[in-house]
Amino acid sequence: MIELRGINKAYGELEVLKDINLTVEDHEIMTIVGPSGAGKTTLLQIAGTLDRPDRGSVCYGDTEITSLNDRRLSEFRNRNIGFIFQFHQLLPEFTAQENVALPALIAGESKRKAMKRADELLDMLGLSERLRHKPGQLSGGERQRCAIARSLINNPSVIFADEPTGSLDSRNRDEICAVITRLRQELGQTFVIVTHDPSIALIADRVVNMADGKIIGIETPGVAVP
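About the cut-offs
Residues numbered from 1 in each chain as written. Predicted model: local features only at pLDDT ≥ 70, side-chain atom pairs only at ≥ 80, totals over all residues. Heavy atoms only, no water. Buried < 20%, exposed > 50% of the residue type's maximum accessible area, 1.4 Å probe, protein only. Helix = DSSP H or I, 4+ residues; strand = E, 2+ residues; numbered from the N terminus. Arc of directions from axis to C-beta. Contact = heavy atoms within 4.5 Å. Polar contact = N/O pair within 3.5 Å; in protein donor to acceptor, adjacent residues only side chain to side chain. 1 Å grid on protein atoms, 1.4 Å probe; cavity = no way out; pocket = protein on both sides within 12 Å on 5 of 7 lines; lining within 4 Å. Points joined across faces, edges and corners; volume = space filled by probe spheres on them. Nonpolar A, V, L, I, M, F, W, Y, C, P; charged D, E, K, R; others polar. Salt bridge = Lys/Arg side-chain N within 4 Å of Asp/Glu carboxyl O.

A. A look at helix α2 (residues 70-80). The set of residues buried in α2 consists of Leu-73, Phe-76 and Arg-77. The buried residues of α2 occupy an angular sector of 100 degrees when projected down its axis, which confines them to one face. Seen from the open side of α2, the exposed residues pointing more than 90 degrees away from its buried face are Arg-71 and Arg-79. Of the surrounding elements, those touching the buried residues of α2 are β4 (55-60), β5 (63-64) and β6 (81-84). Its side-chain oxygen at 3.2 Å from the backbone nitrogen of Arg-71, Asn-69 defines the N-terminal cap of α2.

Structural data, given as structure tokens:
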């Protein structure tokens, strides 16, 4: 589904990624783990088209995205990729429904269809009674579930998540792990997750271990990819 070949990235004299080769399979949950400074988030940003490598290529199927100009890359990202961040990044002035619908509106969807899809996703994630609530009126777990719904609004082929449970307590962390597992089972959703949380690694099909800008090993916990 996604193939990264010979990815290198440096910031000045600091080499952050060194000749990374990695393939993401359709419908899998992949986690990327390692110590701080290993290059995990930089790899996630390059795979998710938020940054460009100095050398190497990123392919989504037959599309070599590193050759796209900024406008076409932005369009590709909006239609094909979802993102979940540690601190949800919801807009405080908008309701849960409006936050979830926003990427669809940016993609040119009608307001009626975007809001209807947002309602369906929020209902699926147990937030049907919180549609009109703003982020400040939601719990930490509810805000993150809202962010997950937003990541799904354009039916992306893959969702990239950067420490999605990092700011949550154990109860909400377990809830988010269950949501990710259910979305893979019910929707066939693909997830690539950077995490320090061992509970996330437990639900993964593959765990990519990184250190010093390199992949040092890939573990398969034994969960079969459907």
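Read on, since the account is not over.
B. Expanded view of empty space enclosed by the protein. Using the criterion set out here, one finds two cavities of 30 Å³ or more in the structure. Quantified by volume, the largest cavity comes out at close to 50 Å³. Every residue along the wall of the largest cavity is listed here: Ile-46, Thr-49, Asp-51, Arg-52, Pro-53, Val-58, Ile-65, Thr-66 and Leu-73. Its residues placed into classes, the lining of the largest cavity shows five nonpolar, two polar and two charged. Volume-wise, the second largest cavity comes out at about 40 Å³. As for the second largest cavity, its lining consists of Leu-4, Leu-22, Val-24, Met-30, Ile-32, Leu-43, Leu-44, Ala-47, Phe-160 and Val-192. Looking at the lining of the second largest cavity, the elements that each hand over two or more residues are β2 (14-24), β3 (29-33) and α1 (40-47).

C. Seen up close, the side chain of Asp-197. Mapped onto the secondary structure, Asp-197 falls in the loop between β8 (191-194) and α7 (198-202). Using a relative accessible area of 11% as the deciding quantity, one classes Asp-197 as buried. Among residues more than four places away in sequence, those in contact with Asp-197 are Thr-165 and Arg-173.

D. Quick look at the pattern of salt bridges. In total, this model carries 13 salt bridges according to the counting rule given. Among the salt bridges present, the one from Arg-130 reaches Glu-142, with a minimum N-O distance of 3.2 Å. With Arg-130 in the loop between α4 (111-124) and α5 (140-152) and Glu-142 in helix α5, this pair connects stretches of sequence that are 12 residues apart. Linking Glu-175 and Arg-145 is a salt bridge whose minimum nitrogen-to-oxygen distance equals 2.9 Å. Note that Glu-175 is positioned in helix α6 (residues 170-187) and Arg-145 in helix α5, a separation of 30 residues in sequence. Among the residues examined, Glu-175 registers a relative accessible area of 23% and is labelled partly exposed. Via salt bridges that share partners, Lys-9, Asp-51 and Asp-54 belong to a single interconnected network.

Geometry only, nothing functional implied.
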